[in-house]
Each structure stands twice: as structure tokens, then as C-alpha cells.
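# Residue-level structural notes
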Amino acid sequence: MDSFRDLIVWQKGMLIVEAAYRWTRTFPREELYGLSDQMRRAAISVPSNIAEGYGRQSTPDYIRFLLIARGSLL
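We now turn to the structure provided with this report. (Residues numbered from 1 in each chain as written. Predicted model: local features only at pLDDT ≥ 70, side-chain atom pairs only at ≥ 80, totals over all residues. Heavy atoms only, no water.)

## Notes on the pattern of salt bridges
All chains considered together, the criterion is met by 3 salt bridges. In this structure, Arg56 and Glu52 form a salt bridge, with 2.8 Å as the shortest nitrogen-oxygen distance. The partner of Arg64 in a salt bridge is Asp61, and the shortest N-O contact between them spans 3.9 Å. Taken together, the residues Arg64 and Asp61, both in helix H3 (residues 59-73) and 3 residues apart, mark about one turn of the helix. (Salt bridge = Lys/Arg side-chain N within 4 Å of Asp/Glu carboxyl O. Helix = DSSP H or I, 4+ residues; strand = E, 2+ residues; numbered from the N terminus.)

This is how it looks when you write it as C-alpha cells:
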């Protein structure tokens, strides 16, 4: 595996990001800085934390970032 981009979990996380952006585009304008923003930030947090953890030097750090990513899904 050359990159975090090769991880299926990261690829599926990016699909969640795309879906969240598509879905929140349909929200009312007054939700732009409320629910819409929160959903987008939570969605992008998943692949971002997976990528950051992948770049860490230790397995415990990687696992910590994976747990953070999972927390963004809840």
C-alpha cells in the first residue's frame, strides 16, 4: 500500500463527503451555517483523520485517529 488513498475505508469516507455536500446543498439557506456546516465538517473529518493517522509513525497513534474518525460518524 503506497498511500492512504489506497485504503478502501478512506475511499468510502470520501463518498460520504460527496454525499453530504450534495445533500446539504438542498437545505434551506438559513441552515448554511448551522446543521449544513456541522454535517459537512463531520463528513470531512472521517477521511481526514484516516489520512492523518496513516501518516503517523506508530500504530497506537494510527488507531487513535481511526477512533476519532469513527466518532465523527456517530
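## A word on the packing of aromatic side chains
What the rule picks out here adds up to 3 aromatic pairs. Geometrically, the ring pair formed by Trp23 and Phe27 is edge-to-face, given 5.3 Å between the ring centres and 75° between the ring planes. With a centroid separation of 6.3 Å and 80° between ring planes, the pair formed by Tyr54 and Tyr62 is classed as edge-to-face. Owing to a relative accessible area of 29%, Tyr54 belongs among the partly exposed residues under this scheme. Residue Tyr62 is classed as partly exposed on the basis of its relative accessible area of 22%. (Phe/Tyr/Trp six-rings, centres within 6.5 Å; stacked < 30°, edge-to-face > 60°. Buried < 20%, exposed > 50% of the residue type's maximum accessible area, 1.4 Å probe, protein only.)

## Comments concerning the nonpolar core
Counting 7 residues, the largest nonpolar core is built from Phe4, Leu7, Trp10, Val46, Ile50, Ala51 and Ala69. Look past the residues within four positions of Leu7 in its chain and what remains in contact with it is Met1, Ile50, Tyr54 and Tyr62. (Core = buried A, V, L, I, M, F, W, Y, C linked by side-chain atoms within 4.5 Å. Contact = heavy atoms within 4.5 Å.)

## Some points on helix H2 (residues 35-54)
Here H2 spans 29 Å end to end across 20 residues, near enough to the 28 Å set by a 1.5 Å rise per residue. The largest bend along H2 measures about 30° and falls at Ser45, with the proline Pro47 one to four residues further on. Looking only at H2, the buried set comprises Ser36, Arg40, Ala43, Ser45, Val46, Pro47, Asn49, Ile50, Ala51 and Gly53. Tucked inside the fold, the buried residues of H2 contact helix H1 (8-24) and H3. (Expected span 1.5 Å × (residues − 1). Bend = angle between axes of the 7 residues up to and from the residue.)

Geometric values such as these leave the question of function open.
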